[in-house]
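Next come the chains, spelled out residue by residue.
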Amino acid sequence: MENINIEELVNQIIRGTEVTTSIKKEEVPSKKQTFHQPVVTDAICIFDTVDEAVQAAKIAQKKYFHSSLSRRKKVIEDLRNKLLPIVEEIATRAYEETQMGSVKDKIQKNTIAITQTPGVEDLNVVTQVITGDCGMTLYELSPYGVIGAIAPSTNPTETLISNAIGMLAAGNAVYFSPHPGAKETSIWLIELMNKIVKEASGIDHLVVTINKPSIQAAQQMMEHKDINLLVVTGGPGVVRQAMMTGKKVLGAGAGNPPTIVDETANIEKAGADIVDGASFDNNIPCIAEKNIIAVESIADFLIFQMEKAGAVYIKELSQIRKLEQLLVIDGKPNKAYVGKPASMILRDAGIHFQGEPRLVVVEGNPKMTFTVEEMLMPVVPIMRTPDFETALELALEVEQGLQHTATMHSQNVTRLNKAARELQTSIFVKNGPSFAGIGFRGEGPTTFTIATPTGEGTTTARHFARTRRCVLTDGFSIK
Ligand code: NAD
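Scoring rules and cut-offs
- Residues numbered from 1 in each chain as written.
- Predicted model: local features only at pLDDT ≥ 70, side-chain atom pairs only at ≥ 80, totals over all residues.
- Heavy atoms only, no water.
- Helix = DSSP H or I, 4+ residues; strand = E, 2+ residues; numbered from the N terminus.
- Contact = heavy atoms within 4.5 Å.
- Lys, Arg positive; Asp, Glu negative; His and termini not counted.
- Charge placed at Lys NZ, Arg CZ, Asp CG, Glu CD.
- Pairing = 2+ DSSP bridges.
- Axes fitted to C-alpha atoms, helices over the stretch in contact; angles between N-to-C directions.
- Phe/Tyr/Trp six-rings, centres within 6.5 Å; stacked < 30°, edge-to-face > 60°.
- Buried < 20%, exposed > 50% of the residue type's maximum accessible area, 1.4 Å probe, protein only.
- Lys NZ or Arg CZ within 6 Å of the ring centre and 35° of its normal.

Colleague: Before we go on, may I ask you to explain the overall build of the chain in this structure?
Modeller: When you go through the chain residue by residue, the secondary structure sums to 16 helices and 20 strands. In the chain, of all internal contacts separated by at least 6 residues, the share reaching a separation of at least 24 is 73%. Measuring between centres, the 49 positive side-chain charges of the chain sit 4 Å from its 55 negative side-chain charges.

Colleague: I keep staring at the sheet that holds strand 20 (residues 465-473) and nothing clicks. Help me out?
Modeller: Hydrogen bonds along the backbone pair up the strands of a sheet, which may run parallel or antiparallel. With antiparallel pairing, 3 strands are arranged side by side in an open sheet as 2-3-20. The open sheet has two edge strands, strand 2 (128-132) and strand 20, and neither has a second partner. Averaged over neighbouring strand pairs, the angle between their axes works out to 20° when direction is ignored. Relative to strand 20, strand 3 (residues 135-143) is paired through 9 bridges, and the arrangement is antiparallel. Across the sheet, residue Tyr139 finds its bridge partner in strand 20, namely Arg469.

Colleague: Explain the side chain of Thr452 to me, please; I cannot follow it from the model alone.
Modeller: By the secondary structure assignment, Thr452 is in the loop between strand 18 (450-451) and strand 19 (457-458). Those residues in contact with Thr452, other than ones at most four positions away along the chain, are Gly251, Ala252, Leu402, Gln403, His404 and Ser426.

Colleague: Can you help me understand the packing of aromatic side chains in this one?
Modeller: Each aromatic ring pair is characterised by the separation of its centres together with the angle its planes make. Under the defined criterion, the tally for this structure stands at 4 aromatic pairs. When the centroid spacing of 6.2 Å and the interplanar angle of 15° are considered together, the rings of Phe301 and Phe304 count as stacked. One end of the pair is Phe301 and the other is Phe304, both in helix 11 (residues 296-308) and 3 residues apart, which spans about a single turn. Assessed through its relative accessible area of 43%, Phe304 is described here as partly exposed. These aromatic residues form a ring-pair network of at least three members: Phe280, Phe435 and Phe440. The aromatic ring of Tyr64 is capped on one face by Arg72, whose charged end is 6.0 Å from the ring centroid.

Laid out in C-alpha cells, this is it:
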C-alpha cells in the first residue's frame, strides 16, 4: 500500500493549495487532483477514550435537540455541500487505505451517500395526529440521544456519511466505531464532518470517535450506559455481539444475493446489468450479485452477453480448481483477495486472459465455496436449472435465509411477483443491477445500512428515531 502523508494533506487543505495524493494511475485520471476545501475550524472530536467521546456527544446532543429544526436542516445541507466537492479525495483515501474495490466506483458510492441520503424531511412521513372529543394525540419521531454506529471496511466512508446524515437529521449525536482497517480515513472523515457540523450549528462533538479504533473499543462502546441505540453495519459476528447487549439494535448483516434469469428476460440487458452489479467496487457491497442462476435454455446466451459486457467465463475444471486454490482457505474466502480486481485474481491464479475483465464468471454448482460463502470478490458462479421453479428453489437455498438482497431478470410478472414473495429479501430488484436497490440507477433513497436481521430494511432518518405519543386532553379538535 502506498503511504499518504496525512499531515501534509491536511496542511495543504488548510493552506487552500492544490492537494496531491499517491493516486494509482489506472484508478483515476493522471492529472493532479484539486480538492475543494471545507471550512476548517478548531473542533476536536477525536478522543482518547470511549467514555470521553460519549460524554462529549451526550452534552452536544442535548444542545442540538433543544435547537431548531432549521438548524438541523442547515447541518445536513452543509454536509452535502462541503463533502460533495471532495468526493474524489474521500474515495481515494478509502481505496488507498483498504486496498479494496476501485476509486471510480467508490466515487459513485460516496456521491449517492452524500446526495441521496434523506434528511430531516424523512421524519415527516411518520407524524400522525388523532383528534376527537377527548382532545388531540400526536405521534412524532424523537431522537434516541447518542447513537453508537459501527461501520464496515467494505463501505467505510459511505456508511459514515450516510449514517451521519440520517442520524443527525433525526436529532441525534453519533459515536462512530470505524473498522480498524480503515481507521486513518475514517478518523479524517469524522473530524471533517464534525467540523462542518460545528460550523453549521455552533455545536461541537455531534460526531465523535476515538483515536485508536479497535474491536475491544467497539465492544466497550456497545456496553456504554449513555449509548441509546446501536446501528451495526458489518458481518454476522458483530451483529450478534451487539444483540447480546440487550440494547435496541439496528443490525445490518451479511448477505449472499442470488440473481435469477429466466427464458423470458431481455438477455442482453440482463447480462450487462449482472456484470455492472457484480463487478461494482469489485463485488464488496453486501447487495452485489454473488450467484447467477439461469434457466438452461438461455444460459449460454446469457454468458455470451456477460462476456460482451466485460466478463471472463471459466468452465474448465482445472482452471476453476486454480481459482479455488487461490481464493479459498479452509472453506472460507482468502481475505487477501477480498475486493481485488478480476485481472489480478486471474493473473495470480495463472489463468490467461485478454484486456481488463471486470468480472470472472465460473461454471458453478450449489455446493462449491464460491456459491455458499459471501466471497466479496468479482468471481461469481453461474448455475443452470431446467426452469423458473427450480431456479427459485436454488435461489432460496443459496440465499440461506439471510433475506438480504436478490435480483431477477424476467418479463413474466407472475414469476417476478412469486420470487419477490418467496425470497422475502429486504431488497428485491427486478430487471436491473443490484445497486438499483440503493438508489443508483434505481428510484428511492440511498443507504449503506440495510438492516435485515432486525427487519428495518433500507434505513433512513426515521429509523434512527423513537416514536413518541404526546397527548393533549379536552381540546384542539375542530372537526
Ligand atoms: P466485519 O464484520 O469484519 O466488521 C464490521 C465492523 O464490526 C468493524 O467496524 C469491526 O471493527 C466491527 N467488529 C467486528 N467484529 C466485532 C466484534 N466481535 N465486536 C465488536 N465489533 C466488531 O465486516 P467487514 O469485513 O468490515 O464488512 C463486510 C461485511 O459486512 C460483509 O459480511 C457484508 O455483507 C456486511 N455488510 C452489510 C451491510 C448491510 O447493510 N447489511 C453493509 C455493508 C457490509
